[in-house]
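Next come the chains, spelled out residue by residue.
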Amino acid sequence: SLRVASTDSPARRVPAGRRGVEALTLSLENPGVASLTSEIRVGALQVSLRDTNGVALTEPARWIERIRLRSFLQTHVDRPLHEGDGAILLLEPSPQISLPVNAPLALMVEVDLREDAPPSALQLVLGEPSTMTAIDANTRHPVPVHYGEPVLSGPFLLVEEPAPAPLLSGVDLLPPVVGAGRSDVQALRLVIHHPGAGGTARARLDSLRILARDELR
């Protein structure tokens, strides 16, 4: 039999247009006895894109431009999404993925988000066990597939629009006359405003340059 599990990970904020977003991580294992148990070949699996209510989105191409299935050293599927793609996305590795006995394999499903992907909370979910094609490499007979959990899914991806330039305003607090050597003199109060609406990425201020000038400049 083929055992499949997913890796838990927290929700992540991702901007529209981000490439190579890891949307689902799976572990596949062919348990058995060395030299007795045959290899398993995986020929197909299905995934769907769902919202926070668990409803499959019927137009995944609104958010996803390209989807890939890869392992550590190999890309097994790499295809674009089109307007005609429905709620179920079929991934068919070519050649088929080989699973030797007792050698777990990590599989990652990556997506490239569209530049115009609307702000949303999305989750990639693996299809039911019956939708995964797995066969015995010797007999070519189907192999039963067992999931570690009833539903195998990736983290919620919080797709956000890019943050606009922050707005800064300031109030001059420096007194007209300050004694030489005086410390802790308040000189300027800054107010930083994020002008974006809901669904916009957070902004981070990493550095600030302040110029000191005399009355001639």
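Note that the structure is predicted; figures quoted are calculated from it, not measured. (Residues numbered from 1 in each chain as written. Predicted model: local features only at pLDDT ≥ 70, side-chain atom pairs only at ≥ 80, totals over all residues. Heavy atoms only, no water.)

Enquirer: Go over the overall build of the protein chain, please, and point to the residues and values.
Expert: Summing up its helical and strand segments, the protein chain has 0 helices and 15 strands in all. Its C-alpha atoms give the protein chain a radius of gyration of 26 Å, clearly above 17 Å, the size a compact globule of 217 residues would have. Summarising its shape, the C-alpha atoms of the protein chain cover approximately 90 × 40 × 25 Å along the three principal directions. In the protein chain, which comprises 217 residues, the proportion classed as buried is 33%. Expressed as a percentage of contacts within the protein chain between residues at least 6 apart in sequence, the contacts between residues at least 24 apart total 73%. (Helix = DSSP H or I, 4+ residues; strand = E, 2+ residues; numbered from the N terminus. Rg over C-alpha atoms; globule rule 2.2 N^0.38 Å. Buried < 20%, exposed > 50% of the residue type's maximum accessible area, 1.4 Å probe, protein only. Contact = heavy atoms within 4.5 Å.)

Enquirer: Which residues make up the nonpolar core, and what values do they have?
Expert: Core analysis: the largest hydrophobic core is formed by 42 residues, its most contacted members being Leu2, Val4, Val47, Leu126 and Met132. Apart from residues no more than four positions distant in its own chain, Leu2 is found in contact with Leu28, Glu29, Ile40, Val42, Leu99, Met132, Ala134, Val143, Pro144, Val145 and His146. (Core = buried A, V, L, I, M, F, W, Y, C linked by side-chain atoms within 4.5 Å.)

Enquirer: Which residues make up the packing of aromatic side chains, and what values do they have?
Expert: Applying the stated criterion across every chain yields a total of 0 aromatic pairs. Arg62 extends its terminal NZ or CZ atom over the ring of Trp63, reaching a point 4.8 Å from the ring centre. (Phe/Tyr/Trp six-rings, centres within 6.5 Å; stacked < 30°, edge-to-face > 60°. Lys NZ or Arg CZ within 6 Å of the ring centre and 35° of its normal.)

Enquirer: Please provide a residue-by-residue account of the pairing of strand 9 (residues 105–113), values included.
Expert: The buried count for strand 9 comes to 7 of 9 residues, which makes it a mostly enclosed element. By the bridge criterion, 7 bridges tie strand 3 (residues 21–29) to strand 9 in an arrangement that is antiparallel. Bridging across to strand 9, Val21 finds its partner in Val111. Relative to strand 9, strand 5 (residues 64–70) runs antiparallel, the two sharing 6 bridges. From the neighbouring strand, Leu69 faces strand 9, where its bridge partner is Val109. (Pairing = 2+ DSSP bridges.)

Enquirer: If you had to explain empty space enclosed by the protein to someone new, which residues and values would you point to?
Expert: Tallying each qualifying case throughout the model produces 1 cavity of 30 Å³ or more. Reported here for the largest cavity is a volume of approximately 40 Å³. Lining the largest cavity are Ala23, Leu49, Ile64, Val111, Leu113, Leu122, Leu124 and Leu157. Sorting the residues of the lining of the largest cavity by element identifies strand 9 and strand 10 (120–126) as the ones contributing at least two each. Here the lining of the largest cavity is built from residues that sort into 8 nonpolar, no polar and no charged. (1 Å grid on protein atoms, 1.4 Å probe; cavity = no way out; pocket = protein on both sides within 12 Å on 5 of 7 lines; lining within 4 Å. Points joined across faces, edges and corners; volume = space filled by probe spheres on them. Nonpolar A, V, L, I, M, F, W, Y, C, P; charged D, E, K, R; others polar.)

Enquirer: I'd love a proper account of the environment of Leu24, names of residues and values included.
Expert: Examined against the element boundaries, Leu24 turns out to sit in strand 3. Distance in space between the C-alpha atoms of Leu24 and Arg66 is 14 Å, their sequence separation being 42 residues. Ignoring any residue separated from it by four or fewer positions in sequence, one finds Leu24 in contact with Val47, Leu107, Met108, Val109, Leu124, Leu126, Leu152, Ser153 and Gly154.

Enquirer: Now, about the layout of surface pockets: what can you tell me, with residues and values included?
Expert: Empty space within the largest pocket amounts to approximately 270 Å³. For the largest pocket, the lining is made up of 10 residues, of which Asp172, Leu174, Leu211, Ala212 and Arg213 are closest to its centre. The residue inventory of the lining of the largest pocket, partitioned by class, reads 6 nonpolar, no polar and 4 charged.

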